[in-house]
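Commentary on secondary and tertiary structure
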Amino acid sequence: MSEVFKPPIKWVGGKSSLIQQIQPLFPRDIATFYEPFLGGFSVAQHVQADRFVLSDANPLLIDLCRAISMDWEGLADETDQIFSTNSKDQYLKIRALGDWTPAQFLYLNRASWRGLWRLNKSGQMNTPYGEGKIHLVDRVNMRKMNQWLNHNDVELVHKLWAIPKEAGPTDFFYFDPPYDGTWGGYTPNGFSSVQANFFRDCLDLADRGIPWVMSNSDTPEMRGVFRDFEIKELSTNRSINSKKRVEIVIINRGRQ
Ligand SMILES: C[S@@+](CC[C@H](N)C(=O)[O-])C[C@H]1O[C@@H](n2cnc3c(N)ncnc32)[C@H](O)[C@@H]1O
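Heads up: these notes are all about the structure in this document. Keep in mind it's a predicted model, so treat the numbers as computed, not measured.

When you go through the protein residue by residue, the secondary structure sums to 7 helices and 9 strands. Its C-alpha atoms give the protein a radius of gyration of 18 Å, within 12% of the compact-globule value 18 Å for 256 residues. Here the C-alpha coordinates of the protein stretch approximately 55 × 40 × 30 Å along the principal axes. Counting the 256 residues in the protein, one finds 33% classified as buried.

This is the structure in structure tokens:
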């Protein structure tokens, strides 16, 4: 197994601090591990599976992982160059481009206020400049991620959630969608309009004996739709508007 690496970017809803509570809920033997809401890449590296299908609606995340997989050193050089000339003026110019290379995406993530990636409804990134100091790329860390991507059978796909036709009961899904009751503004259209369909797909997979675990917030909607499933509360320090937030995982064990 490759060495553990830090996720390459800061991502809202990232699971680094919860992975120790979530991963033990996964099955031991997984043929294909599907992670269709990949985000900042904090989960897959902790999973043992024959094959990984990692996808997200945000093409920048997928392009970044592909760049790390193919030429991490070229990416690190290009990123360091942009990092070393960091200024508010540069940030605003790059933010206005609207279409970013992996190095520019890493830079915006690092130089923005709290590393928040936020798009308005026209798809423009609108997070203010962070004013903080940014460090050059952690090359050891990036190389570890490159090794993980190349030592495993990994498919990186840019796509919206849809049930993969080929999935079966020896596979496993980890779902970390935008949380119920949030705008889910990772993508310009948000997630609330497709959430009901996604939940139906989860119930459908469960009917077909295909196991999954889903992270979400503890809301009446979640408790209602998934009332027949095992639900576990996680201890978390996250808070929203200074109210402590309770996160849950819903566990569908399939035909184990
Ligand atoms: C909570 S984040 C995932 C965080 C991730 N587990 C981590 O640890 O960084 C949710 C992700 O879902 C993606 N997303 C939003 N709507 C989607 C959709 N319809 N299909 C696929 N991915 C979507 C977003 O781009 C975002 O990266």
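Let's pick the thread back up.
Moving on: the nonpolar core. Leu 64, Ile 68 and Trp 212 are the most contacted members of the largest nonpolar core, which has 55 residues in total. Here the element with the most residues in this core is helix α2 (residues 59-84); it accounts for 10 residues. When sequence neighbours within four positions are dropped, the list of residues in contact with Ile 68 reads Pro 8, Leu 75, Met 142, Met 145, Asn 146 and Leu 149.

Glancing now at the pairing of strand β2 (residues 51-56). The buried count for β2 comes to 5 of 6 residues, which makes it a mostly enclosed element. Judged from the 4 bridges that link them, strand β1 (residues 32-35) and β2 form a sheet pairing that is parallel. Bridge pairing in β2 links Thr 32 to Arg 51.

Let us look at α2. For α2, which comprises 26 residues, the first-to-last C-alpha distance of 25 Å sits more than 12% below the rise-based estimate of 38 Å (1.5 Å per residue). At Asp 71, α2 is bent by approximately 115°, the largest bend along its length. Buried within α2 we find Leu 60, Leu 61, Leu 64, Cys 65, Ala 67, Ile 68, Trp 72, Leu 75, Ala 76, Thr 79 and Ile 82.

Attention shifts here to the packing of α2 against helix α4 (residues 102-111). Interaxial distance between α2 and α4 falls to 7 Å at its minimum, and their mutual angle equals 75°. Classed by the angle they form, the pair α2 and α4 counts as roughly perpendicular. Here α2 contributes Leu 60, Asp 63, Leu 64, Ala 67, Leu 75, Glu 78, Thr 79, Ile 82 and Phe 83 to the contact with α4, which in turn contributes Pro 102, Ala 103, Gln 104, Phe 105, Leu 106, Tyr 107 and Arg 110. Of the residues contributing to the contact of α2 with α4, the split by class is 11 nonpolar, 2 polar and 3 charged.

As a further point, take the sheet that holds strand β5 (residues 212-217). Taken together, the 7 strands give an open sheet; going across it, the order is β3-β2-β1-β4-β5-β9-β6, and neighbouring strands pair in mixed fashion. Edge positions in the sheet fall to β3 (154-158) and β6 (230-234), since each has one partner strand and no second. Averaged over all adjacent pairs, the angle separating strand axes in this sheet is 15°, with direction ignored. Pairing geometry for strand β4 (residues 172-175) and β5, over 3 bridges, is parallel. Residue pairing across strands places Phe 175 opposite Met 214, the latter belonging to β5. Across the sheet, α2 touches β2 and β3, and the angle it forms with β3 is around 150°.

As a further point, take the site of the ligand. Taken together, 22 residues lie near the ligand, and Gly 13, Phe 37, Gly 39, Gly 40 and Tyr 186 sit nearest. Tallied by class, residues from the shell around the ligand come to 12 nonpolar, 7 polar and 3 charged.

Reading guide: rules and limits
- Residues numbered from 1 in each chain as written.
- Predicted model: local features only at pLDDT ≥ 70, side-chain atom pairs only at ≥ 80, totals over all residues.
- Helix = DSSP H or I, 4+ residues; strand = E, 2+ residues; numbered from the N terminus.
- Rg over C-alpha atoms; globule rule 2.2 N^0.38 Å.
- Buried ≥ 20, exposed ≤ 12 C-beta atoms within 10 Å, placed from the backbone.
- Core = buried A, V, L, I, M, F, W, Y, C linked by C-beta atoms within 7 Å.
- Contact = placed C-beta atoms within 7 Å.
- Pairing = 2+ DSSP bridges.
- Expected span 1.5 Å × (residues − 1).
- Bend = angle between axes of the 7 residues up to and from the residue.
- Axes fitted to C-alpha atoms, helices over the stretch in contact; angles between N-to-C directions.
- Parallel < 35°, antiparallel > 145°, perpendicular 65-115°, else oblique.
- Nonpolar A, V, L, I, M, F, W, Y, C, P; charged D, E, K, R; others polar.
- Near = placed C-beta within 6 Å.

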